[in-house]
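Below, each chain spelled out in residue letters.
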Amino acid sequence: MKNTKKKMIVKKLQRRDYLSVDDFSTNEIKSILRLTADMKAHSRRYRKSLDGKMMALIFEKPSLRTRTTFTVGIKQLGGDSLLLTPADINLGKRESVFDVAKNLERMVDGIMIRTFGHDICVSLAEHAGIPVINGLTDLEHPCQAMADIFTVIEHHKNLKNLKLSYIGDGNNVAHSLMLIAAKLGTTMFVGTPESHKPDQKILDRAREVAAETGATITWTADPTEAARDADMIYTDTWTSMGQEAELEARRQIFAPYQVNRELFSHAKPDALFMHCLPAHRGEEVTDEIIDSPNSVVFQEAENRLHAQKAIMFELLRD
Ligand code: CP
Ligand code: NVA
């Protein structure tokens, strides 16, 4: 488990990190998506493919889906995992990120980290000579985006011929979705209040990628414009983990962006409703939309398992 990351041939995914959607090229994302489909269809074929590999799962924020799908996913590939919470390692306080990286690279084969600052995730990856996977930071949620775009593909074969609309807070989930839409040539609308637009650097980068792939990434403050003729409407919580003190203010700011029957009526009749979960019913989405036949939220949750198995397989295999 030496630090071989920098010596690897660029085209190979082995020993690479997945901290941002932008870490993978369009072709690499497409190959992960093909593998995801195969793993979902033929799970048993891969049951020894990461035999004996150990993943450390660092969680500095709560989780249902990410924790469960990484734990179950590595096990289904023949490996195992151990959970490290703040009560165990207190990252950056009990011990520096550098020291944690230098310890773990000698003990495990890969690390998944869910934390606050994206710089913590980047620093861990820089110092650990083993693959690091971002399981959510304040800036990005790249595993979610992979599972979500796979879910879209399960419903629409042609990603280039649809309108994907994200409505709500310009947050980590929106950022990763914008980047993956840009990489795959999709038309995406992002409807957020002016005060909670996506990060300008991510918006610029997504548009730069879009110029090469034929995607378009449009920001608007008008939720109806975002929803109009959409093939899928995606939303996420208005108050992400770590922003709890802003809860009341955010409820006021985002009220016009609630995905409800009226807003959803502007989309195509067979539009899908998407959400990374956990949902705050009655806030960003109403029960009648999340519980409607158009909703694919639990399919997205299940697809976290398949997509992350594909990601772990590619990064950790010998
Ligand atoms: N969507 C998602 O990442 O869920 P958890 O926060 O429960 O892991
Ligand atoms: N934007 C949310 C996503 C949760 C999966 C958060 O960061 O809390």
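Structure shown above.
Just so it is clear, the model here is predicted, and its values are computed rather than measured. (Residues numbered from 1 in each chain as written. Chains lettered and ligands numbered in written order. Predicted model: local features only at pLDDT ≥ 70, side-chain atom pairs only at ≥ 80, totals over all residues. Heavy atoms only, no water.)

Draft legend 1. Representation of the packing of aromatic side chains. One pass over the full model with this rule turns up five aromatic pairs. Ring centres of Trp238 and Phe254 lie 6.0 Å apart, and the angle between their planes is 20°; on these two criteria the pair is classed as stacked. With Trp238 in the loop between strand E8 (232-235) and helix H9 (247-254) and Phe254 in helix H9, this pair connects stretches of sequence that are 16 residues apart. On the accessibility criterion, Phe254 (0% relative accessible area) is buried. Between Phe254 and Tyr257, the ring centres sit 6.5 Å apart and the planes meet at 75°, which makes this aromatic pair edge-to-face. Neither Phe254 nor Tyr257 differs from the other in exposure class; each is buried. Above the ring of Phe116, the side-chain terminus of Lys61 is found at 4.6 Å from the ring centroid. The side chain of Lys197 reaches across the aromatic face of Trp219, ending 4.3 Å from its centre. (Phe/Tyr/Trp six-rings, centres within 6.5 Å; stacked < 30°, edge-to-face > 60°. Helix = DSSP H or I, 4+ residues; strand = E, 2+ residues; numbered from the N terminus. Buried < 20%, exposed > 50% of the residue type's maximum accessible area, 1.4 Å probe, protein only. Lys NZ or Arg CZ within 6 Å of the ring centre and 35° of its normal.)

Draft legend 2. Local environment of helix H12 (residues 297-316). Counted at 1.5 Å a residue, the expected span for H12 with its 20 residues is 28 Å, and the 28 Å between its end C-alpha atoms agrees. The principal kink in H12, of about 30°, is found at Asn303. With respect to burial, H12 is a largely interior element, 17 of its 20 residues being buried. (Expected span 1.5 Å × (residues − 1). Bend = angle between axes of the 7 residues up to and from the residue.)

Draft legend 3. How the structure looks around the site of ligand 2. Close contacts around ligand 2 come from Leu136, Asn171, Asn172, Val173, Asp236, Thr237, Ser240, Met241 and Leu277, and that covers them all. Asn172 places a polar side-chain atom, nitrogen or oxygen, 2.8 Å from an oxygen atom of ligand 2. Separating an oxygen atom of ligand 2 from a backbone N or O atom of Met241 is a distance of 2.8 Å. Taken by itself ligand 2 offers 270 Å² of open surface, and the protein chains cover 95% of this. Taken together, the residues of the shell around ligand 2 break down into four nonpolar, four polar and one charged. (Near = heavy atom within 4 Å. Polar contact = N/O pair within 3.5 Å; in protein donor to acceptor, adjacent residues only side chain to side chain. Areas by Shrake-Rupley, 256 points an atom, 1.4 Å probe, with all protein chains shown as cover. Nonpolar A, V, L, I, M, F, W, Y, C, P; charged D, E, K, R; others polar.)

Draft legend 4. Local environment of the environment of His266. You can see His266 is positioned in the loop between helix H10 (261-264) and strand E9 (272-275). Placed 43 residues apart in sequence, His266 and Pro223 show a C-alpha to C-alpha distance of 9.9 Å. The residues contacting His266, other than those within four sequence positions of it, are Thr224, Ala227, Arg228 and Asp229. Engagement of the side chain of His266 in a polar contact is seen with the side chain of Glu262, the distance being 3.0 Å. (Contact = heavy atoms within 4.5 Å.)

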